[in-house]
Every structure is written in C-alpha cells, then in structure tokens.
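Structure at a glance
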Amino acid sequence: MDGLENLLSTLDYILDTKRKRHITGGILISVSLLFGGLALTVMTIKNEVNNYEQ
C-alpha cells in the first residue's frame, strides 16, 4: 500500500497547478487519439487483406 500512496502523492505534487493539469490532459488526449487511429488503421488493413485472399 505504501507504493500506491507514494504514487498518488507524486501525481498530486506533479499536477499541483491548473496549467500542469491542462498540459497533461492535452498530452493524454493526443496519445489516445494516436492509438485510436492506429487501431482503426490496423482493423481496416486486416479487412482488406482478407478480401484479397478470397
């Protein structure tokens, strides 16, 4: 439990200002959109490969 408490304390210290929270939120949104786009690309490529094999 000490590890979790230390992690939460560190996050609280890192995100102590509104500006830092805003920047971190923007980074997290950008990363999630990047991975969402990659997942969509992989799914569409797999469908095209299956269509060519038939």
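See the structure above.
Values in this document were obtained by computation on a predicted structure and should not be read as measured data.

Definitions and cut-offs
- Residues numbered from 1 in each chain as written.
- Predicted model: local features only at pLDDT ≥ 70, side-chain atom pairs only at ≥ 80, totals over all residues.
- Heavy atoms only, no water.
- Helix = DSSP H or I, 4+ residues; strand = E, 2+ residues; numbered from the N terminus.
- Areas by Shrake-Rupley, 256 points an atom, 1.4 Å probe, with all protein chains shown as cover.
- Salt bridge = Lys/Arg side-chain N within 4 Å of Asp/Glu carboxyl O.
- Patch = residues over 30% accessible without salt bridge, like charges linked within 9 Å, V, L, I, M, F, W, Y side chains within 5 Å.

1. Observations concerning the overall build of the protein chain
- The secondary structure content of the protein chain amounts to two helices and zero strands.
- Just so you have it, the protein chain exposes about 5,200 Å², and 65% of that area is on carbon and sulfur atoms.

2. So, the pattern of salt bridges
- According to the stated counting rule, one finds one salt bridge in the structure shown.
- Its salt-bridge partner being Lys 20, residue Asp 16 comes within 3.4 Å of it at the nearest N-O pair.

3. Quick notes on a nonpolar patch on the surface
- A surface patch of nonpolar side chains, amounting to about 810 Å² of accessible area, comprises Met 1, Leu 4, Leu 7, Leu 8, Leu 11, Tyr 13 and Ile 14.
- Among the secondary structure elements, Ile 14 is positioned in helix H1 (residues 2–14).

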